[in-house]
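Spelled out from the first residue to the last, the chains are:
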Amino acid sequence: MIILGIETSCDETAVAVLDCKNNNIKILSNIVSSQIEIHQKYGGVVPEVAAREHILNILPVVNEALEKAEISPANHSLLKKNKKNKIDAIAVTAGPGLITSLIIGVETAKTLAYAWQIPIIGINHIEGHICANFINQEIKKSRNQEKIEFPALILTVSGGHTLLILMKEHENYKIIGETRDDAVGEAFDKAAKLLNIGYPGGPAIAAEAARVKSQKSKVESICLPRPMLNDKSFDFSFSGLKTALLYAIQKDKNWKEKIPEYCEEFQQAVIDVLITKTIKAAQKLNCKTIMLSGGVSANKELRSQFDVAIKTKLINTKLVAPEFEYCTDNAAMIATAGYFYAKRKDFTPWQKIKADCNKEF
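Student: How do you make sense of the side chain of Glu208 when you look at a structure like this?
Tutor: As for its position among the elements, Glu208 is in helix α8 (residues 201-213). In this structure Glu208 comes out as buried when scored by relative accessible area, which is 17%. Among the polar contacts made by the side chain of Glu208, one reaches the side chain of Arg211 at a distance of 3.0 Å.

Student: Mind showing me how you'd approach the packing of helix α10 (residues 259-285) against helix α11 (residues 300-313) here?
Tutor: To describe two helices that pack against each other, one gives the angle between their axes and the distance between the axes. The N-to-C vectors of α10 and α11 enclose an angle of 35°; their axes lie 10 Å apart at closest approach. Crossing hand, α10 versus α11: right-handed. On α11, the residues that touch Gln267, Gln268, Ile271, Asp272, Leu274, Ile275, Thr278, Ile279 and Gln283 of α10 are Glu301, Leu302, Gln305, Phe306, Ala309, Ile310 and Lys313. Along the lines of polarity and charge, the residues of the contact of α10 with α11 split into eight nonpolar, five polar and three charged.

Student: How should I be thinking about the sheet that holds strand β7 (residues 162-169) in this particular structure?
Tutor: Taking strand neighbours across the sheet as the criterion, the five strands line up as β8-β7-β6-β9-β10 in an open arrangement whose pairing is mixed. Two strands close off the open sheet at either side, each with one partner strand: β8 (172-178) and β10 (318-320). For this sheet, the mean inter-axis angle between neighbouring strands, taken without regard to orientation, is 25°. Inspection of the sheet shows β7 paired to β8 by six bridges, in the antiparallel sense. Across the sheet, Leu166 pairs through a bridge with Lys174, a residue of β8. Contacts from α10 reach β6 (152-157), β7, β8 and β9 (289-293) within the one sheet, and its direction differs from that of β6 by about 160°.

Student: Before we go on, may I ask you to explain the layout of surface pockets in this structure?
Tutor: Taking a probe equal in size to a water molecule and rolling it over the atoms shows the remaining empty space. In this structure, the largest pocket occupies an estimated 1,100 Å³ of space. Along the walls of the largest pocket sit 38 residues, with Cys10, Ser158, Gly159, Gly160 and Asp189 positioned nearest its centre. Elements that contribute at least two residues to the lining of the largest pocket include exactly β3 (24-34), α5 (125-131), α7 (184-195) and α8. In terms of residue count, α7 provides more of the lining of the largest pocket than any other element does, five residues in total. Residues that form the lining of the largest pocket fall into these classes: 15 nonpolar, 17 polar and six charged.

Student: Explanation requested: α10 in the structure shown.
Tutor: Along an α-helix, residues three or four apart share an orientation, since each turn contains 3.6 residues. Given a rise of 1.5 Å per residue, 27 residues ought to cover 39 Å, and the 39 Å separating the end C-alpha atoms of α10 matches this to within 8%. Among the 27 residues that make up α10, 21 are buried, leaving the element largely enclosed by the rest of the structure. Remark: Asn286 follows α10 within two positions and exhibits a positive phi of approximately 55°.

Student: Mind showing me how you'd approach empty space enclosed by the protein here?
Tutor: Using the criterion set out here, one finds one cavity of 30 Å³ or more in the structure. Considered as a void within the structure, the largest cavity measures approximately 40 Å³ in volume. Around the largest cavity sit Val184, Phe188, Gln267, Val270, Ile271, Leu274, Val296, Asn299 and Leu302, which together line it. With four residues, α10 is the largest single contributor of residues to the lining of the largest cavity. A breakdown of the residues in the lining of the largest cavity according to their chemical character gives seven nonpolar, two polar and no charged.

Student: Looking at this structure, how should I read helix α12 (residues 331-342)?
Tutor: With 12 residues, α12 ought to run about 16 Å at 1.5 Å a step, and its terminal C-alpha atoms sit 16 Å apart, in line with that. Along α12, 12 of the 12 residues are buried, which leaves the element largely enclosed by surrounding structure. For α12, the complete set of buried residues consists of Ala331, Ala332, Met333, Ile334, Ala335, Thr336, Ala337, Gly338, Tyr339, Phe340, Tyr341 and Ala342. For α12, the elements touching its buried residues are β1 (2-7), β2 (12-21), β3, β4 (89-95), β5 (120-124) and α5. With a side-chain oxygen positioned 3.1 Å from the backbone nitrogen of Ala332, the residue opening α12 is Asn330.

Student: Any chance you could explain the environment of Gly159 here in plain terms?
Tutor: On the secondary structure map, Gly159 appears in the loop between β6 and β7. Here Gly159 falls in the partly exposed class, since its relative accessible area comes to 47%. For the pair formed by Gly159 and Val184, sequence separation is 25 residues and the distance between their alpha carbons is 6.3 Å. The residues touching Gly159, leaving out its near neighbours within four places in the chain, are Ala183, Gly185 and Glu186.

Rules of the game
Residues numbered from 1 in each chain as written. Predicted model: local features only at pLDDT ≥ 70, side-chain atom pairs only at ≥ 80, totals over all residues. Heavy atoms only, no water. Helix = DSSP H or I, 4+ residues; strand = E, 2+ residues; numbered from the N terminus. Buried < 20%, exposed > 50% of the residue type's maximum accessible area, 1.4 Å probe, protein only. Polar contact = N/O pair within 3.5 Å; in protein donor to acceptor, adjacent residues only side chain to side chain. Axes fitted to C-alpha atoms, helices over the stretch in contact; angles between N-to-C directions. Left-handed = near helix turned anticlockwise from the far one by under 90°. Contact = heavy atoms within 4.5 Å. Nonpolar A, V, L, I, M, F, W, Y, C, P; charged D, E, K, R; others polar. Pairing = 2+ DSSP bridges. 1 Å grid on protein atoms, 1.4 Å probe; cavity = no way out; pocket = protein on both sides within 12 Å on 5 of 7 lines; lining within 4 Å. Points joined across faces, edges and corners; volume = space filled by probe spheres on them. Expected span 1.5 Å × (residues − 1).

Encoded structure:
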């Protein structure tokens with residue numbers, strides 16, 4: 001089964017083609033056109049600018065993905081009849097996300113589904129991030145990497161979301177915790193802007209924090225709070241942590257000389273909260289697997305400390321995370337999510353699929 005995936009929820013124009021069989025996900029192409037350089041001067045994504053770039057990029061990216069997968073878009077109607085390399089279904093991000101960006105991807109997918117007379121599936125962006133963990137599972141097993149077992153607890157951390165999700169089986173999800181204000185990625189972006197170290201904030205803070213390890217000493221006076229660390233719920237809050245950083249540098253006349261230390265402390269505060277909450281939830285729910293998903297799951301320090309914590313406190317629980325290239329927004333994860341729907345023929349008429357910036361998970 002060959003799935004075409006389209007992702008335009010924010011500022012990445014992404015298209016992928018996957019060959020899926022018996023839960024073995026093979027990537028035929030995975031093209032991402034990034035807008036990071038365009039939005040860097042603004043310190044964040046400008047929705048109107050992102051939408052205009054999607055309009056310019058979407059068809060060239062679709063064509064590039066099809067050509068790399070050795071599928072000719074011009075002759076697709078013929079391929080359906082007499083060749084094995086044909087698209088069986090289209091999966092597209094329907095939400096949540098920036099509404100003007102979502103519309104570009106959704107309308108493109110609907111047009112192709114109508115023109116090619118093939119079924120379509122609207123995918124929740126968060127589910128796409130979760131399904132990034134299932135890409136190349138057969139390859140991972142051959143390398144003796146961890147296999148996903150249910151029930152699984154998923155920590156989804158990105159620019160727009162911070163969620164703890166219980167997954168009992170494919171497409172069976174229950175949110176057990178979420179952020180009450182800023183998402184983790186948003187907090188990183190705002191912290192990086194306060195420190196004037198660039199955009200996107202997550203990689204910028206991680207790079208500065210890494211410099212502390214190479215130094216012989218650390219500024220011990222820098223101490224930021226761990227919001228809701230001991231709260232009985234599994235919810236998160238990061239707005240106060242950002243404010244604490246602001247107050248700290250306002251009081252410190254020499255803060256510019258200590259940027260790596262401030263970044264290291266901010267990052268560690270985030271990691272402490274994420275790991276503590278996730279471990280507590282996994283213990284309570286007897287989860288066999290902890291899965292990471294979302295752009296922030298690419299943070300190497302987060303992965304490393306998670307691995308240590310699980311081996312120490314959850315001996316019989318496995319840690320699974322996507323390959324780094326599938327952590328940030330991409331269409332391979334959307335196509336993967338689409339495959340699990342397509343294999344049981346759970347399609348939606350193209351006329352009924354709509355972009356929804358507040359799409360519920």
